[in-house]
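What follows is each chain in one-letter form.
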Amino acid sequence: MTDLDTSQLSACAYKPEHFKAQEFASRSAFERYGNRVLRYIDTRILITADQLRYQFGPMTINNWSWGGNREFSGLRLAGDNYFSKTSDHSWGRAIDGLFLRAKAQEVRDYIEEHPEQFPYITFIEEGKSITWLHAACPNLCGLPFVCTYDNSIVFWNKDTGAFREVFRKNGRLLNDRN
């Protein structure tokens with residue numbers, strides 16, 4: 001399969017085709033919940049992971065379960081390294097992916113040029129020191145920037161603190177609620 005079969009998507013349930021449950025969770029989260037940990041991962045980020053895999057090839061999120069060093073690139077629980085109650089990772093709404101065949105900046109550039117292909121991504125971190133793709137699907141209302149359209153992707157530069165908005169087609173102006 002070269003493309004995600006969207007007829008199988010559900011707002012209620014989704015089982016990733018190319019990832020196991022432990023790839024979305026820290027060791028402590030998986031030890032606590034086992035495969036049920038997917039219940040705590042936002043369906044939109046599970047779908048996004050498969051979309052990214054289809055577009056860019058193999059992607060690693062967490063690989064601790066087979067001896068790798070990545071453990072905190074998906075769901076993080078209180079007590080985990082890098083846990084923050086305000087992080088999208090702590091709410092199951094973010095992944096940090098490394099790609100076998102693409103650099104993170106190439107992936108960010110592609111998403112920026114083709115935002116409609118990734119309808120659930122609403123937030124991406126970027127910067128000189130970020131060698132992974134941080135993709136998240138939070139509701140952006142109430143964050144320290146103002147979105148112009150309802151279905152934008154916000155790119156946040158970790159080095160400068162600057163935000164920029166990438167618009168998707170058919171977006172509605174947020175102040176136009178008629």
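Before any of the text, the structure's been laid out above.
Structure report, in brief. A quick note: this is a predicted structure, and the numbers were derived from the prediction, not measured. (Residues numbered from 1 in each chain as written. Predicted model: local features only at pLDDT ≥ 70, side-chain atom pairs only at ≥ 80, totals over all residues. Heavy atoms only, no water.)

## Things to note about the overall build of the chain
Looking only at helices and strands, the chain features three helices and six strands. N-terminal to C-terminal, the α/β element order of the chain is α-α-β-β-α-β-β-β-β. Taking all 178 residues of the chain together, 48% fall into the buried category. Sequence-distant contacts in the chain: of pairs separated by 6 or more residues, those separated by 24 or more amount to 60%. Approximately 10000 Å² of the chain is accessible, and the part contributed by carbon and sulfur atoms is 48%. (Helix = DSSP H or I, 4+ residues; strand = E, 2+ residues; numbered from the N terminus. Buried < 20%, exposed > 50% of the residue type's maximum accessible area, 1.4 Å probe, protein only. Contact = heavy atoms within 4.5 Å. Areas by Shrake-Rupley, 256 points an atom, 1.4 Å probe, with all protein chains shown as cover.)

## What to know about the sheet that holds strand 1 (residues 59–60)
The six strands lie next to each other as 1-2-4-3-5-6, forming an open sheet whose pairing is mixed. The open sheet has two free edges, formed respectively by strand 1 and strand 6 (163–166), since each of these has just one partner strand. Pairing of strand 3 (residues 123–126) with strand 4 (residues 133–136) involves three bridges; the strand directions are antiparallel. Across the sheet, residue Phe 123 finds its bridge partner in strand 4, namely Ala 136. In this fold helix 2 (residues 43–56) packs onto strand 1, strand 2 (94–99) and strand 4, with an angle of close to 15° to the strand it touches most, strand 2. (Pairing = 2+ DSSP bridges. Axes fitted to C-alpha atoms, helices over the stretch in contact; angles between N-to-C directions.)

Everything listed here is a matter of geometry and, on its own, says nothing about what the molecule does.
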